[in-house]
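Residues per chain are reported as follows:
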Amino acid sequence: MKWLLVAIIAVCNTFGDVLNTAGMKRQGEVEDLRPWTMLQMIKRILRNPLVLAGFGALAVSFFALLSLLSITTVSFAVPATAVSYLLETLLAKYILGEDVRWRRWAAATLVAFGVVLLSF
Amino acid sequence: METFVQPAADVKVENRSGGRKTQILVILVIVTNVFGNIFLSRGMHDVGRIVSASPLDYVRAFADPWTAFGIAILAIWMISDLALLSRADLSFVLPVTASAYVLVALLGHFLLHDHISFARWMGILLITGGVILAEETPARTTTGPPEHLIPRHRR
């Protein structure tokens, strides 16, 4: 049960972030950081199915995390976070078409191991 | 931090002010993440342990000013994170914003005198290395949205 929840957290977190990125790229770059522009961005997000699906996936991941925390300790959730970094980089390359070269792979790997060490 | 840009053939090279806006968003995402979580955990500490299936108990927790303030800051984090993802690659944003972990650990150490074990120092070092490596790549390597994710009639 624990590992099933860890898998759900990792997968939903990954898909949530990938869907949010795809949705925001489709919506177009936020050109400036004024509050009015941000408000317009939020209004468009409410009609953006990719970002809404991303929120849904992140919500599932959040509730799976709450369930996991209710049956075990925080350190058990760490592998899910660490795996998400690598899984998201993989999908960023193959689904979002980002140019992921050795520096970004190395960065994601270092962060994943770093997150595990931080939990000690 | 100056971004080292490696232009590839079909890569849009960011202009100076565009790059600066992306960097402001990166900093905003990191700072709001750190302080939102600090205030939220302070608030939840005041509220006490909630083991309940009733949503009302969670709503009651929002009445605590620290919790409410933490949630407000995390809302700004969510909005700035989405704005950042509209401008930068996910594979850039993920490792760069992981510096929030480092900031939380260091703030805990210097402000709250939390003990940092050798393993945790190594973790901080690895994450910092990852942040520096990712910072050396261009923030965005794609020109538009991924084509296959757009409905045909909108292309």
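You'll find the structure just up there.
As the structure is a prediction and not an experimental result, all values here were calculated from the model. (Residues numbered from 1 in each chain as written. Chains lettered and ligands numbered in written order. Predicted model: local features only at pLDDT ≥ 70, side-chain atom pairs only at ≥ 80, totals over all residues.)

Draft legend 1. Highlighting the overall build of chain A. Check the secondary structure of chain A and you find 5 helices and 0 strands. Along the three orthogonal principal directions, the C-alpha set of chain A runs to about 40 × 35 × 25 Å. Counting only residues that meet the buried cut, chain A has 44% of its 120 residues in that class. Long-range contacts, defined here as pairs at least 24 residues apart, represent 78% of the contacts in chain A between residues at least 6 apart. (Helix = DSSP H or I, 4+ residues; strand = E, 2+ residues; numbered from the N terminus. Buried ≥ 20, exposed ≤ 12 C-beta atoms within 10 Å, placed from the backbone. Contact = placed C-beta atoms within 7 Å.)

Draft legend 2. Representation of the interface of chain B and chain A in the model. Listed per partner, the contact involves 37 residues of chain B and 42 residues of chain A. Contributions of two or more residues to the side of chain B that touches chain A are made by helix H1 (16–47), helix H3 (65–87), helix H4 (90–97), helix H5 (99–111) and helix H6 (118–135) of chain B. Top contributing element to the side of chain B that touches chain A by residue count: H6 of chain B, with 10 residues. Tallied by class, residues from the side of chain B that touches chain A come to 23 nonpolar, 9 polar and 5 charged. (Nonpolar A, V, L, I, M, F, W, Y, C, P; charged D, E, K, R; others polar.)

Draft legend 3. Region of interest: the nonpolar core. Among the nonpolar cores identified, the biggest contains 63 residues, and Ile9 and Val111 of chain A together with Leu84, Val93 and Ile127 of chain B are the most heavily contacted of them. Per-element accounting of this core gives the leading share, 10 residues, to helix H1 (residues 2–27) of chain A. Setting aside chain neighbours within four positions, we find Val111 of chain A in contact with Tyr85 of chain A together with Pro95, Ala98, Ile127 and Gly130 of chain B. (Core = buried A, V, L, I, M, F, W, Y, C linked by C-beta atoms within 7 Å.)

Draft legend 4. Structural context of the packing of H4 of chain B against H6 of chain B. Residues and elements named next belong to chain B. Where H4 contacts H6, the axes come no closer than 8 Å and their chain directions differ by 145°. You can see that H4 and H6 cross each other, and the crossing is left-handed. Between H4, through Phe92, Pro95 and Val96, and H6, the contact on the second element is made entirely by Gly130, Val131, Ala134 and Glu135. Among the residues forming the contact of H4 with H6, the class breakdown is 5 nonpolar, 1 polar and 1 charged. (Axes fitted to C-alpha atoms, helices over the stretch in contact; angles between N-to-C directions. Left-handed = near helix turned anticlockwise from the far one by under 90°.)

Draft legend 5. Representation of the packing of H1 of chain A against H3 of chain B in the model. Packing of H1 of chain A against H3 of chain B brings their axes to within 8 Å, and their N-to-C directions diverge by 65°. One element, H1 of chain A, and the other, H3 of chain B, form an angle in the roughly perpendicular class. As for how H1 of chain A packs across H3 of chain B, the hand of that crossing is right-handed. The segment H1 of chain A lies against H3 of chain B, with Asn20, Thr21, Met24, Lys25 and Gln27 of chain A engaging Leu82, Leu85 and Ser86 of chain B. (Parallel < 35°, antiparallel > 145°, perpendicular 65-115°, else oblique.)

Draft legend 6. Seen up close, the environment of Thr97 of chain B. All names here are of chain B. As for its position among the elements, Thr97 is in helix H4. Here Thr97 falls in the buried class, since 21 other C-beta atoms lie within 10 Å of it. Each C-alpha atom, one on Thr97 and one on Ile27, is 8.2 Å from the other, the two residues being 70 residues apart in sequence. Every residue in contact with Thr97, bar those within four places of it in the chain, is listed here: Val26, Val29 and Ile30.

Draft legend 7. Spatial organisation of H4 of chain B. Within H4 of chain B, 8 of the 8 residues are buried, which leaves the element mostly enclosed by the surrounding structure. Considered for burial, the residues of H4 of chain B that qualify are Leu90, Ser91, Phe92, Val93, Leu94, Pro95, Val96 and Thr97 of chain B.

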